[in-house]
Amino acid sequence: MDNSLTMRNNKEEGEEEELDDIEEEDEEEQNNWEDWKADDDEELDSCEMPLCLFCDLKYSSSDELFKHCCSSHHFDFAKIRTTLALDFYSSFKLINYIRSQVAQNRCWSCGLSCQSKQDLQSHLHEIISFHENSFPWEDDKYLNPFLEDDSLLYSFSEDDECQDEFTRSADEEELMRNLGSFEKIHIDYENNIEPHTSDFVKPLENGIKEVVDDGNNNNLGTEIPLEKVIVNGAERKYVVSSERKTNDTHMIISPAKAVENKIMNTNKNYFGSYSSFGIHREMISDKVRTDAYRRSIIDNPSLINGAVVLDVGCGTGILSLFAAQAGASRVIAVEASDKMAAVATQIAKDNGLLCNGSSKEDKNGVVEVVHGMVEELVDSRRIQPHSVDVLVSEWMGYCLLYESMLSSVLIARDQWLKPGGAILPDTATMFVAGFGRGATSIPFWEDVYGFSMSCVGKELVEDAAQGPIVDVVDGNDIVTNTAILQTFDLVTMKPEEVEFTATIELEPKLGYDPADSTTGSEPKKKKNWCYGLVLWFDTCFTYRFCKDAPTVLSTSPYTPKTHWSQTILTLKEPIALAVGKADFEKCGGGVVGTDECPASRLESRISIVRAPQHRSIDISMEVAVVGMDGRRRKWPAQIFNLY
């Protein structure tokens, strides 16, 4: 029994020593853990804090940063993600897109280019609506971080309620894995792009891989079609990996392909709309338009006689017929609408001007109708490069640039026009002026068969401030001088120059009190109310090419109206303007631009950019006025979407 007791005591002592050793190990491990946590905290503290999207401030968390952006920069990230239904990928792109725009002093929402970062800070506003859920940050190039080691990209989704605290979504994990080797992607609609020389295989879910070809099999000419989307100089495709082959042979549409499809659909609808004979009747019946083109062609024999003429967007072929009539040796009429190409062919044939060699009556014809978009014909070689003497096109749209074919004309110029060849018209100029209440609907509703319906007119003017209006403005309703907004030289301009920002100054016209005309007294200066700005354009067939008979096609309020009318941008509230200081030099400290203190000068900065929706434009208008005493007052910026 004593031996048993001794053995039991020894065993217990051994167990106690073993427990002491385990406790010491646990304590040491705990100390190591605490040391590791401390090191980790120090490392976390040393990491760069997230940088504000719009200014130079940094914050300890993305949540604090976005609160600042919301209160100081009109940018509510959470609301935007919810409203636009942005997933992790789209939100990631949005952050990079905003940083790229801010770096250029450009408004991420409306595209306005500012002179400085301070001007941009003052300009920032609530998000504008985007057409058909098309966002400018959809390009895959915005998956590439704009700022190196941008910690905001890795933390903006930490507070998402839909994500588990300890896990990331599959999309986020995949994106983070590929960020280090993600190649820069550039989507270019108009400029030449060199093919990228390396392949990029990106794993997606369910074993599917995205393959970007190296572009070696693509036939890239010297001009890239306007409507063709190129990513790294190559077409993007999706294939099923060998690890997970299925019988499903349907192609998965890539984001770039979706953009290309949207552009194709827009072009289809655009050119399809010109299959309506009503549109062509309206244009041909526009005597100002048609006569200007006829004079520039018929009355300039030294230019047209014996020349090879290219008509871009020929429609019925009326300009091509003028060119044939004027003695052109060959007329190439390009038309994208299949229906109108057939119609133009038949019209040329009916008038004995079609050149196809199929019948005796056509042997002397000079008109050849080519069906297709300019951008598609570049690589077809149906028109030989630099073989055209004169390029003519009626490409203008509302406000000159809306739905215009200017980009197509510039491609045709670079591809087919001979050096020193002529473009008709060769210049285009945009003008701006202030308009008064007579150009609004207010006067009509003030007296409707003896009844006042002014409330309707007031509401219509308020609604008009939400978007541009295309309508005819009478020259008598212009209340300021006219200023040149922008001038384009079609001989030398580049496609990107259709986007611009211009600053103009307008002074009020001298107004008179109508009562003075009956009293015989000297007219008194009076106020004019400016309700907004009106835009129009002139295109000129100048002496540079039309030496026999230069011509101007004007859509001015002071000339006979055209089917383009004018483009009206209505202010949210009218501005009182007056000439001189005689009657208004003492404003009593009133608000500048009001009835008590009219302004003596109006300043405006206007930007026109291509909208996310193909063939549409966005117009930004900023207005400030200067009072008689030199005080200034600014109006909030307004965005007008012409689509």
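Rules behind the numbers
Residues numbered from 1 in each chain as written. Predicted model: local features only at pLDDT ≥ 70, side-chain atom pairs only at ≥ 80, totals over all residues. Heavy atoms only, no water. Phe/Tyr/Trp six-rings, centres within 6.5 Å; stacked < 30°, edge-to-face > 60°. Helix = DSSP H or I, 4+ residues; strand = E, 2+ residues; numbered from the N terminus. Buried < 20%, exposed > 50% of the residue type's maximum accessible area, 1.4 Å probe, protein only. Patch = residues over 30% accessible without salt bridge, like charges linked within 9 Å, V, L, I, M, F, W, Y side chains within 5 Å. Areas by Shrake-Rupley, 256 points an atom, 1.4 Å probe, with all protein chains shown as cover. Salt bridge = Lys/Arg side-chain N within 4 Å of Asp/Glu carboxyl O.

**Q** So what exactly am I meant to see when it comes to the packing of aromatic side chains here?
**A** Think of a pair of aromatic rings as described by two things: how far the centres are apart, and how the planes are tilted against each other in angle. Considering all chains together, one arrives at 17 aromatic pairs under this definition. With 5.1 Å between their ring centres and 80° between their planes, Y293 and F541 make a pair best called edge-to-face. Pair noted here: Y293 is in helix 9 (residues 287–298) and F541 is in strand 15 (residues 528–541), with a separation of 248 residues, a long-range link. On the basis of relative accessibility, which here comes to 1%, the residue Y293 falls in the buried class. Here F541 falls in the buried class, since its relative accessible area comes to 0%. The interplanar angle of 20° and the centroid separation of 6.0 Å between the aromatic rings of F431 and W536 together place this pair among those described as stacked. Here W536 lies in strand 15 and F431 lies in strand 9 (residues 427–435), a separation of 105 residues in the sequence. Each member of the pair, F431 together with W536, is buried.

**Q** Sorry if this is basic, but what is going on with the environment of V579 here?
**A** Within the secondary structure layout, V579 lies in the loop between strand 17 (566–577) and strand 18 (599–610). With relative accessibility at 27%, the residue V579 sits in the partly exposed group. Along the chain, V579 and P598 lie 19 residues apart, while their C-alpha atoms are 9.0 Å from each other.

**Q** How should a nonpolar patch on the surface be read in this particular structure?
**A** Where nonpolar side chains cluster on the molecular surface, the patch consists of Y449, F451, M453, V456 and L460 and spans about 540 Å² of accessible area. Residue placement: V456 occurs in helix 16 (residues 454–464). Residue class for V456 comes out partly exposed when judged on its relative accessible area of 30%.

**Q** Quick question: what am I supposed to make of unusual backbone geometry here?
**A** A negative phi angle is the norm for most residues apart from glycine, just as the trans form is the norm for most peptide bonds. Note the cis peptide between L424 and P425, where omega equals -10°. Residue position: P425 is located in the loop between strand 8 (417–424) and strand 9. For L400, which is not glycine, the phi torsion reads 70° and is therefore positive. Looking at the element boundaries, L400 is found in the loop between strand 7 (388–392) and helix 14 (406–416). The residue Y449 is not glycine, and still its phi comes out positive at about 55°. Mapped onto the elements, Y449 comes out in the loop between helix 15 (442–446) and helix 16.

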